[in-house]
Amino acid sequence: MGKVLIREGSQNIDEMGKILNETIALKNFCILLAIILCILSSFVVSYDSEVKIYIAVLSLTLSFDGIDSFIGTIFQATENFKLISILNIIQKIFYVFFNIFFLYLGYGIAGLVLSALIVRFSFLILRYYYSRRLVQFNLFSKLKINLLSLKQSLIFSLIGFTEMLYTRIDLLMISILGTPLQVGIYGVAYTLSRQISMLR
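Note that residues are indexed from 1 along each chain, following the sequence as it is written. Local features in this predicted model are restricted to residues of pLDDT 70 or higher, and side-chain atom pairs are both shown and tallied only at a pLDDT of 80 or more, whereas totals for entire chains, interfaces and linings draw on every residue. Hydrogens and waters are ignored; side-chain quantities use all the structure's heavy atoms.

Along the backbone of the protein there are eight helices and zero strands. Only DSSP runs of H or I with at least four residues qualify as helices, and only runs of E with at least two residues qualify as strands; both kinds are numbered from the N terminus onward. When the helices and strands of the protein are placed in sequence order, the string is α-α-α-α-α-α-α-α. We call two residues contacting when some pair of their heavy atoms lies within 4.5 Å. A sequence separation of at least 24 residues applies to 71% of the contacts in the protein between residues at least 6 apart. Just so you have it, the protein exposes about 13400 Å², and 70% of that area is on carbon and sulfur atoms. The accessible surface values rely on the Shrake-Rupley method and a 1.4 Å probe; as for residues, cover is taken only from the protein chains in view.

Here we come to the nonpolar core. One finds Met16, Leu20, Ile67, Ile71, Ile74 and Phe137 to be the most contacted residues of the largest nonpolar core, which totals 19 residues. Contributions of two or more residues to this core are made by helix H2 (16–44), helix H4 (60–77) and helix H6 (108–134). At seven residues, the largest contribution of residues to this core is made by H4. With residues near it in sequence (within four places) discarded, Ile71 still touches Leu124, Arg127, Tyr128, Ser131 and Phe137. Residues belong to a common nonpolar core when they are buried Ala, Val, Leu, Ile, Met, Phe, Trp, Tyr or Cys residues joined through side-chain atoms within 4.5 Å. The buried label goes to any residue with under 20% of its type's maximum accessible area, the exposed label to any with over 50%, and the partly exposed label to all in between, with areas taken from a 1.4 Å probe on protein chains only.

Contact pair H4 / H6: the axes reach a minimum separation of 9 Å and the direction vectors enclose 25 degrees. The angle between the axes of H4 and H6 places the two elements in the roughly parallel class. The way H4 lies across H6 gives a crossing that is left-handed. Judged by residue contacts, Leu60, Thr61, Phe64, Asp65, Ile67, Asp68, Ile71, Ile74 and Phe75 of H4 engage Leu117, Arg120, Phe121, Leu124, Arg127, Tyr128, Tyr130, Ser131 and Leu134 from H6. Structural elements are reduced to axes, namely lines fitted to C-alpha atoms, with helices fitted over the stretch in contact, and the angle between N-to-C directions of any two is expressed from 0 to 180 degrees. Oblique is the label for every angle not falling under 35 degrees (roughly parallel), over 145 degrees (roughly antiparallel), or within 65 to 115 degrees (roughly perpendicular). By convention, the crossing between two helices is left-handed when the near helix turns anticlockwise from the far helix through less than a right angle, and right-handed when the turn is clockwise.

Residues separated by three or four positions in an α-helix point in the same direction, a consequence of the helix having 3.6 residues per turn. Look at H2: 41 Å from first C-alpha to last across 29 residues, which is about the 42 Å you get at 1.5 Å a residue. Along H2, the largest kink reaches about 35 degrees and is centred on Thr23. What H2 keeps buried is the set Met16, Gly17, Ile19, Leu20, Thr23, Ile24, Ala25, Leu26, Lys27, Ile31, Ile35 and Ser42. To estimate how far a helix should extend, the number of its residues minus one is multiplied by 1.5 Å. What is called the bend at a residue is the angle between a pair of axes, fitted to the seven residues leading up to and ending at it and to the seven starting from it.

Here the focus is the packing of aromatic side chains. Planes of paired rings set the category: under 30 degrees apart is stacked, over 60 is edge-to-face and the rest tilted, where pairs are Phe, Tyr or Trp rings (Trp by its six-membered ring) whose centres lie within 6.5 Å. Evaluation of the coordinates by the stated rule reveals 11 aromatic pairs. Arranged with centres 5.9 Å apart and planes meeting at 80 degrees, the rings of Phe102 and Tyr107 form a pair that is edge-to-face. Between Arg132 and the ring centre of Phe137, over which it is positioned, the NZ or CZ distance is 5.9 Å. By definition, being over a ring means that NZ of Lys or CZ of Arg is both within 6 Å of the ring centre and within 35 degrees of the ring normal.

Moving on, we come to the environment of Gly187. As for its position among the elements, Gly187 is in helix H8 (residues 180–197). The exposure class assigned to Gly187 is buried, which follows from its relative accessible area of 18%. Considering only alpha carbons, one finds Gly187 and Leu171, 16 residues apart in sequence, at a separation of 7.1 Å.

Before going further, it helps to spend a moment on the environment of Phe140. Note that Phe140 resides in the loop between H6 and helix H7 (147–177). The spatial distance from the C-alpha of Phe140 to the C-alpha of Asn21 is 8.1 Å, given a sequence separation of 119 residues.

With 77% of its residues at a pLDDT of 70 or more, the protein shows a mean pLDDT of 79. Per-residue confidence from the predictor is reported as pLDDT, a score between 0 and 100. Here helix H1 (residues 2–11) stands out as the element of the protein with the lowest mean pLDDT, 66, in contrast to helix H5 (residues 81–104), whose mean of 91 is the highest.

Between its first and last C-alpha atoms H6 spans 39 Å; for 27 residues at 1.5 Å apiece the expected length is 39 Å, and the two agree. Those residues of H6 that sit buried are Gly111, Val113, Ser115, Ala116, Leu117, Val119, Phe123, Leu124, Arg127 and Ser131. Looking at the buried positions of H6, the neighbouring elements they touch are helix H3 (49–58), H4 and H5.

Below, the discussion takes up the side chain of Ser63. Mapping Ser63 onto the fold places it in helix H4. According to the relative accessible area criterion, Ser63 is buried, its value standing at 17%. Throughout this description, a polar contact denotes any pair of N or O atoms lying within 3.5 Å of each other; where both atoms belong to protein, one of them has to be capable of donating a hydrogen while the other can accept it, and for residues adjacent in sequence the pair is counted only when both atoms sit in side chains. Polar contacts involving the side chain of Ser63 include one to the main-chain carbonyl oxygen of Leu60, which spans 2.5 Å. Filtering out sequence-adjacent residues up to four positions away, Ser63 remains in contact with Ile31 and Ile35.

Printed below as a string of structure tokens:
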């Protein structure tokens, strides 16, 4: 949906607020559906209760990320890359700081989860504030379905889902078939290799 909004909005900035209002309700519905599916899937797989609680809590970040990506289309369509880049950098700095802070206090995984929620929500509010200065829109507009935009969005979403499934299916299978220790070791190795690959 984001790529379609960027394309339509960049062609006519003055009408972008109207375009956003026509799609935000559908976006909110998809976010809610994603959260429900995420929580339900945790009960289908035989995870222990602690993991299920973390999955349920972290599923809230789906709403943060969903709205954040929606708001991000405004900065991209209006070519306001400097501001969004600064916010992204500052967000990562705060995220690392809060992670170290909560780990130092001994909160462990719960601290990392809390850090993710605090930082993502705070910077979502910041991005919302600055985006409203660029384009006026309502996050709780009524549901309107544009079949052409919906069809184009489904194509991009399917491509993104296939790519995500391709890159993360290994970790999912290890979490189902292996032990938490194996998942942790593989997760660390995978994350490090992905980050280092950006230096190519």
